[in-house]
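Fold and geometry: a report
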Amino acid sequence: MIRSVLPGTTKERAAIRVEPLRALMRERGVEAMLIQKPENRRYVTGFSGSAGFVLVSATASILLVDFRYVEQAQTEALGFEVIKAERQFIDTLAEVVPARGLGRIGFESDAMSYKQYEDFSKRLAPAVLAPVEGVDRLRWVKDADEIAQITRAVEIADEAFAHIRSSLRPGAVEREIAIEMEFFMRRRGADKEAFETIVASGPRSALPHGRASERVLARGDFVTLDFGALCRGYVSDCTRTVVLGEVSQKQREVYELVLAAQRAALAGIKPGISGKDADTIARTIITDAGYGDAFGHSLGHGVGLAVHEGPTLSPREEAVLAPGMVVTVEPGIYLPGWGGVRIEDLVVVTEAGCRSVTRAPKDLLILS
Ligand code: ZN
Ligand code: ZN
């Protein structure tokens, strides 16, 4: 049986998750909000199934599901009126919307396709659909229960890294390393891996998202592992880079530089600074050392029900960090043909700064 992660009573749940949505609706001038993005659907209702629509108005909290999910929805989505869609969801919505007298309905503009928008607009008329952004943002600050779930996902990933260390040696195959880590995380209680595990060795470590290949690890290789666990909807995300057998002067230099940039960012992240400012802390260190062009991605991203969510720590992020936000801090340097290093921790923004949830060691490991 899948248990909801939402705490407390029906009334508390509604207050925590539905009232902030209603506040957003008032701000955006819509009478109701139609939600279909899986993470938002789960966040607002607690329902963990793979399909369904949420319709929230000032007075109603409705979850539409198909026949597969009626019982599960009733158990998980406390405080929601569960309606079974007999045919297509839109057929039922076309009955519910006029029955509740709803005129202007917000939808997630980054989740609905144009075709669906046309179809829904026609079927729901005279009600009007209005694009609303900002539902995702309701998830940015995590409550204690969410942080506990994420922490569990981090712990499992940390254990997977400790477990795989002895297998990281010349002769091992990237793909087998990835499979072993995923199998281990499942055995430790993860529902599955949070995303496709990255194992990139030797020159392939210069690929920021090098999926595990058939490449055989060799002495002198950097090996970058990027992995995470999914536990009851919440994920973790961690990257470690190790070196096999022996380390060159340049490898050590690049590694220590990435680590220094990461430590500086961890020391500087606190409530009130923007995602852009956080990114700048690490980027300045890497750029000043002459590797600015080799750090081609953002410093980090929010993590929760989705692996990549807001706020980002990037040169374009104006949003300001607040206590309870969960973000990754993952600077990297990638030199094509040579190799690369990324070090990624997951942190919770606190009242005073930030606290790293990731415990996996990050001083340069030379494994043989
Ligand atoms: Zn990652
Ligand atoms: Zn990440």
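These numbers were taken from a predicted model, which means no experiment stands behind them.

Leu21, Val44, Leu63 and Phe80 are the most contacted members of the largest nonpolar core, which totals 37 residues. Take this core: its biggest share by element is four residues, from helix α1 (residues 10–28). For this core, the two domains that each supply at least three residues are domain 1 (3–139) and domain 2 (144–367). Beyond its immediate stretch of four places on either side in the chain, Phe80 contacts Val18, Val44, Thr45, Val54, Val56, Ser61, Ile62 and Leu63. One finds Trp140, Val243, Val254 and Ala278 within the second-largest nonpolar core, a separate group that totals 33 residues.

Surrounding the zinc ion (ligand 1) are the protein donor atoms Asp226 (OD), Asp226 (OD), Asp237 (OD) and Glu344 (OE), at 2.0 to 2.6 Å. Each of the four donor atoms around the zinc ion (ligand 1) contributes to a set of angles spanning 55 to 146 degrees, which defines the coordination as irregular. Each donor residue of the zinc ion (ligand 1) lies on one chain, and together they are spaced D-x10-D-x106-E. The distance between the zinc ion (ligand 1) and the zinc ion (ligand 2) comes to 3.1 Å, with Asp237 serving as a donor to both metals. You can see Asp226 sitting in strand β9 (residues 222–227) and its partner Asp237 sitting in the loop between β11 (234–235) and β12 (238–244), a full 11 residues away along the chain. You can call Asp237 buried: its relative accessible area is 3%.

Once the domains are mapped, the chain shows domain 1 (3–139) and domain 2 (144–367). Of note, the centres of domain 1 and domain 2, computed from C-alpha atoms alone, are 34 Å apart. Across the boundary between the two partners, domain 1 contributes 10 residues, which contact 10 residues of domain 2. Taken together, both faces of the contact between domain 1 and domain 2 bury some 860 Å²; the carbon and sulfur share is 51%. Linking domain 1 with domain 2 are two salt bridges. Glu309 serves as the salt-bridge partner of Arg139, at 2.7 Å between the closest nitrogen and oxygen. One can count two residue pairs in polar contact (both at pLDDT 80 or more) joining domain 1 with domain 2. When residues in the side of domain 1 that touches domain 2 are grouped by element, the largest group, three residues, is from helix α2 (residues 38–45). Taken together, the residues of the side of domain 1 that touches domain 2 break down into four nonpolar, no polar and six charged.

Moving on, we come to helix α9 (residues 275–288). The end-to-end C-alpha separation of α9 is 20 Å, in line with the 20 Å expected for 14 residues at 1.5 Å each. Residue Ala282 marks the point of greatest curvature in α9, where the axis turns by about 30 degrees. Inspection of α9 places Gly275, Ala278, Asp279, Ala282, Arg283 and Ile286 among the buried residues, and these make up the whole buried set. Contacts made by the buried residues of α9 are with α8 (249–268), β14 (309–313) and β16 (332–335). Once α9 finishes, Gly290 follows within two positions and takes phi at roughly 95 degrees, a positive value.

The next thing to look at is the pairing of strand β5 (residues 104–108). Burial runs high along β5: four of the five residues are buried. For strand β1 (residues 32–35) and β5, the ladder comprises three bridges, and the chain directions are parallel. Residue pairing in the sheet places Met33 in a bridge with Gly106 of β5. With five bridges joining them, β5 and strand β6 (residues 128–132) adopt parallel strand pairing. The partner of Arg104 across the bridge, within β6, is Val128. Crossover handedness for the path β5 to helix α5 (residues 114–124) to β6: right-handed.

What follows covers the coordination of the zinc ion (ligand 2). The protein atoms that coordinate the zinc ion (ligand 2) are Asp237 (OD), His301 (NE2), Glu330 (OE) and Glu344 (OE), at distances spanning 2.1 to 2.2 Å. Positions of the donor residues of the zinc ion (ligand 2), expressed as sequence spacing, correspond to D-x63-H-x28-E-x13-E.

Residues apart from glycine generally show negative phi values, whereas peptide bonds are mostly found in trans. Cis geometry marks the peptide bond from Ala125 to Pro126, where omega comes out at 10 degrees. Within the secondary structure, Pro126 sits in the loop between α5 and β6. In this model, Gly310 is joined to Pro311 through a cis peptide bond whose omega is -5 degrees. Considering the arrangement of structural elements, one finds Pro311 in strand β14. Look at Arg232: it is not a glycine, yet its phi comes out positive at around 45 degrees.

The rules behind the values
Residues numbered from 1 in each chain as written. Chains lettered and ligands numbered in written order. Predicted model: local features only at pLDDT ≥ 70, side-chain atom pairs only at ≥ 80, totals over all residues. Heavy atoms only, no water. Core = buried A, V, L, I, M, F, W, Y, C linked by side-chain atoms within 4.5 Å. Buried < 20%, exposed > 50% of the residue type's maximum accessible area, 1.4 Å probe, protein only. Helix = DSSP H or I, 4+ residues; strand = E, 2+ residues; numbered from the N terminus. Domains from an automatic or database assignment. Contact = heavy atoms within 4.5 Å. Donors = N, O, S within 2.8 Å, 3.2 Å for Na, K, Ca; no water. Tetrahedral: all angles 85-135°; square planar, octahedral: opposite > 155°, others 65-115°. Buried area = accessible area lost by both parts, 1.4 Å probe. Salt bridge = Lys/Arg side-chain N within 4 Å of Asp/Glu carboxyl O. Polar contact = N/O pair within 3.5 Å; in protein donor to acceptor, adjacent residues only side chain to side chain. Nonpolar A, V, L, I, M, F, W, Y, C, P; charged D, E, K, R; others polar. Expected span 1.5 Å × (residues − 1). Bend = angle between axes of the 7 residues up to and from the residue. Pairing = 2+ DSSP bridges. Right-handed = clockwise from strand over helix to strand, strands pointing away.

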